[in-house]
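# Reading the structure
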Amino acid sequence: MLEGRQVNQNEDLSPDSTLSLIADPYRFISRQCLRLNSDLFETRLLMKKTICMTGKEAAVLFYDPTRFTRVGAAPEPLRATLFGKGGVQGLDGIEHSLRKEMFMSIMSEESIVKISNITSRWFKYYCRMWEKRRRVTLYDELQELLTRSVCEWAGVPLKEDEVKTRSRQLTALFDSAGSVGIRHVKSRMQRKKAESWIMNLVQDARMRAPSAINTPFQAIALHRDVKGDFLSVKTAAIEILNLLRPTVAISVFMVYEALALHMHPSIKKSVQHSGPDYNEAFVQEVRRFYPFFPSLLAKVKDNFVWKDVHFKKDTQVILDIYGTNHDPRIWQAPEEFIPERFLQRENDKFGFIPQGGGDLTGHRCPGEFITIALMKVALEFFALRMKYEVPPQNLDIDRKRMPAIPKSRLVIQHVFFDEM
């Protein structure tokens with residue numbers, strides 16, 4: 001393991017590292033840690049003292065609820081776009097446990113099968129449309145497909161003439177949240193519109209007062225807090241969007257699945273001729289290998305020392321997701337795409353953290369099982385049920401944007417769909 005050093009040796013001497021982080025958001029922390037021969041270092045981001053950490057030991061520490069809190073940890077730009085203000089990501093203690101329990105009740109095995117079947121049906125619908133078009137930009141199409149799927153599954157009314165509008169709104173919450181300038185302003189505007197849309201639906205649901213909860217939408221709209229009261233209409237809307245938004249964001253992982261199949265023809269043949277174990281390994285390797293969101297944030301609860309570094313109360317701490325998933329101390333040949341590594345690998349709560357670490361009762365993403373299930377649906381279509389060409393285009397991954405995606409957004413052409 002890398003040795004911890006004295007605090008002055010674990011310090012980025014730049015007066016502020018914000019521009020360096022923006023220039024290389026996925027590799028800044030791991031590269032700096034490598035330079036310092038340490039698992040962590042101190043720096044300033046937007047002139048605010050910050051401790052950056054990478055690796056499995058850092059992840060174990062980061063998910064210790066006695067050490068860190070998420071309350072007020074996310075910067076205002078992310079709360080105003082990605083998460084929403086008052087959502088489960090910014091809670092701790094009993095309030096977080098009750099809200100997380102609500103989300104986990106939605107993620108039953110039966111519910112995951114249901115959304116998988118719905119998504120498969122919408123994939124068929126879009127495949128038939130893609131057959132009639134000369135070229136298709138996959139990233140854009142998958143956003144719309146998943147908007148339809150998640151709204152149907154969740155019980156959120158969605159009229160045909162508003163599909164594109166709602167898809168744009170939900171996509172802006174994650175696709176532009178980490179940006180600056182006009183894209184960030186647009187993300188804020190779309191957040192307001194999306195919240196207004198869902199707030200109206202929540203108010204209507206409460207007026208109707210159904211005798212039984214039959215949908216994920218109703219489970220959140222009618223959820224009661226620790227005092228036994230309904231969540232505020234706005235908070236309920238935020239939490240419903242915290243169900244819809246991450247599902248539409250799976251479009252990023254799905255594009256990476258198609259990219260991996262294109263870049264590795266021999267692996268595509270293995271997917272086509274192997275069983276479900278290999279296909280799951282492929283999905284997990286996509287989640288490990290490709291960049292999605294680079295890091296997570298928390299704040300120090302009370303003063304403590306770890307690896308000779310003093311963590312002072314209220315200090316901002318960033319855990320490096322991408323670097324941990326590419327840490328050579330955890331992964332052999334981490335920069336190679338090798339699905340087989342997951343065939344024998346046991347579940348690792350802290351070394352494999354594409355959607356957070358630790359237990360699902362904590363701050364690990366409750367939608368992780370839905371992500372895996374829907375990626376399997378997409379893999380079935382891309383590898384087995386669709387034939388298509390990938391024309392010349394710029395498939396370089398734009399790592400300066402968050403989430404990172406291929407610069408061309410992955411264009412396909414001459415689609416043929418096998419109804420089977």
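The chain carries the name Cytochrome P450 in an unreviewed UniProt entry, which gives Bdellovibrio reynosensis as its organism.

This part covers the overall build of the chain. Helices and strands together make up the secondary structure of the chain, namely 15 helices and twelve strands. Taken along the three principal axes of its C-alpha coordinates, the chain extends 60 × 55 × 40 Å. In the chain, which comprises 420 residues, the proportion classed as buried is 54%. Long-range contacts, defined here as pairs at least 24 residues apart, represent 72% of the contacts in the chain between residues at least 6 apart. Computed over 61 positive and 51 negative side-chain charges, the inter-centroid distance for the chain is 5 Å.

Looking now at helix H4 (residues 76-83). Buried within H4 we find Leu78, Ala80, Thr81 and Leu82. Considered in projection along H4, the buried side chains sweep an arc of 165° and stay on one side of the axis. Buried-residue contacts for H4 involve helix H8 (163-175), helix H9 (182-208), helix H11 (233-263) and strand E5 (295-300). One or two residues past the end of H4 sits Gly84, with phi positive at roughly 85°.

Applying the stated criterion across every chain, the model contains one cavity of 30 Å³ or more. A volume near 60 Å³ is recorded for the largest cavity. The wall of the largest cavity is formed by Arg287, Arg288, Tyr290, Pro291, Phe292, Phe293, Ile321, Tyr322, Asn325 and Pro354. Of all the elements in the fold, those that place two or more residues in the lining of the largest cavity are helix H13 (276-289) and helix H14 (321-324). Here the lining of the largest cavity is composed, by residue class, of seven nonpolar, one polar and two charged.

Moving on to unusual backbone geometry. That bond from Met402 to Pro403 is cis: its omega, 0°, falls within 30 degrees of zero. Backbone geometry at Asn37 places phi at a positive 55°, although glycine is not the residue there. When you line up the elements, Asn37 lands in the loop between helix H2 (28-36) and strand E1 (40-45). The backbone of Arg409 sits at a positive phi, close to 65°, despite the residue not being glycine. Note on placement: Arg409 falls in the loop between strand E11 (405-406) and strand E12 (411-417).

Once that is clear, we can look at the pattern of salt bridges. Going through the model one piece at a time under the given rule, you end up with 25 salt bridges. In this structure, the salt-bridge partner of Lys307 is Asp39, at a minimum N-O distance of 2.4 Å. Placement of the pair is Lys307 in the loop between strand E6 (304-306) and strand E7 (309-311) and Asp39 in the loop between H2 and E1, with a sequence separation of 268 residues. By the burial criterion, Lys307 is buried, and Asp39 matches it. Measuring nitrogen to oxygen at the nearest pair gives 3.9 Å for the salt bridge that ties Glu380 to Arg385. Taken together, the shared-partner salt bridges connect Asp39, Glu57, Lys307, Asp327 and Arg329 into one network.

With that settled, the discussion passes to the packing of aromatic side chains. Across all of its chains, the model carries 25 aromatic pairs by this definition. Centre to centre, the rings of Phe123 and Phe382 are 5.9 Å apart; their planes meet at 80°, and the pair counts as edge-to-face. Remark: Phe382 occurs in helix H15 (residues 368-385) and Phe123 occurs in helix H6 (residues 109-131); sequence separation between them is 259 residues. The exposure class of Phe382 is buried, given its relative accessible area of 0%. Geometrically, the ring pair formed by Phe289 and Phe337 is edge-to-face, given 5.6 Å between the ring centres and 85° between the ring planes. Note that Phe289 is positioned in helix H13 and Phe337 in the loop between H14 and H15, a separation of 48 residues in sequence. Both residues of the pair, Phe289 and Phe337, belong to the buried class. Taken together, the ring pairs in this structure connect Trp122, Phe123, Tyr125, Tyr126, Trp130, Phe381, Phe382 and Phe417 into an aromatic cluster. Here the basic side chain of Arg67 rests over the ring of Phe304, its NZ or CZ set 4.3 Å away from the ring centre.

Before going further, it helps to spend a moment on the environment of Arg121. Summarising the element assignment, Arg121 is placed in helix H6. We classify Arg121 as partly exposed; its relative accessible area is 40%. Between the alpha carbons of Arg121 and Thr324 there is a distance of 36 Å; along the sequence they are 203 residues apart.

So, about the layout of surface pockets. Where empty space is left can be seen by rolling a probe of water-molecule size over the atoms. Counted as a void, the second largest pocket has a volume near 430 Å³. Glu280, Gln284, Asn347, Phe352 and Ile372 are, among the 20 residues lining the second largest pocket, the residues nearest its centre. Among the elements of the structure, H13 and H15 are those that each provide at least two residues to the lining of the second largest pocket. Take the lining of the second largest pocket: its biggest share by element is five residues, from H13. Split into classes, the residues belonging to the lining of the second largest pocket amount to seven nonpolar, three polar and ten charged.

Conventions adopted
- Residues numbered from 1 in each chain as written.
- Predicted model: local features only at pLDDT ≥ 70, side-chain atom pairs only at ≥ 80, totals over all residues.
- Heavy atoms only, no water.
- Helix = DSSP H or I, 4+ residues; strand = E, 2+ residues; numbered from the N terminus.
- Buried < 20%, exposed > 50% of the residue type's maximum accessible area, 1.4 Å probe, protein only.
- Contact = heavy atoms within 4.5 Å.
- Lys, Arg positive; Asp, Glu negative; His and termini not counted.
- Charge placed at Lys NZ, Arg CZ, Asp CG, Glu CD.
- Arc of directions from axis to C-beta.
- 1 Å grid on protein atoms, 1.4 Å probe; cavity = no way out; pocket = protein on both sides within 12 Å on 5 of 7 lines; lining within 4 Å.
- Points joined across faces, edges and corners; volume = space filled by probe spheres on them.
- Nonpolar A, V, L, I, M, F, W, Y, C, P; charged D, E, K, R; others polar.
- Salt bridge = Lys/Arg side-chain N within 4 Å of Asp/Glu carboxyl O.
- Phe/Tyr/Trp six-rings, centres within 6.5 Å; stacked < 30°, edge-to-face > 60°.
- Lys NZ or Arg CZ within 6 Å of the ring centre and 35° of its normal.

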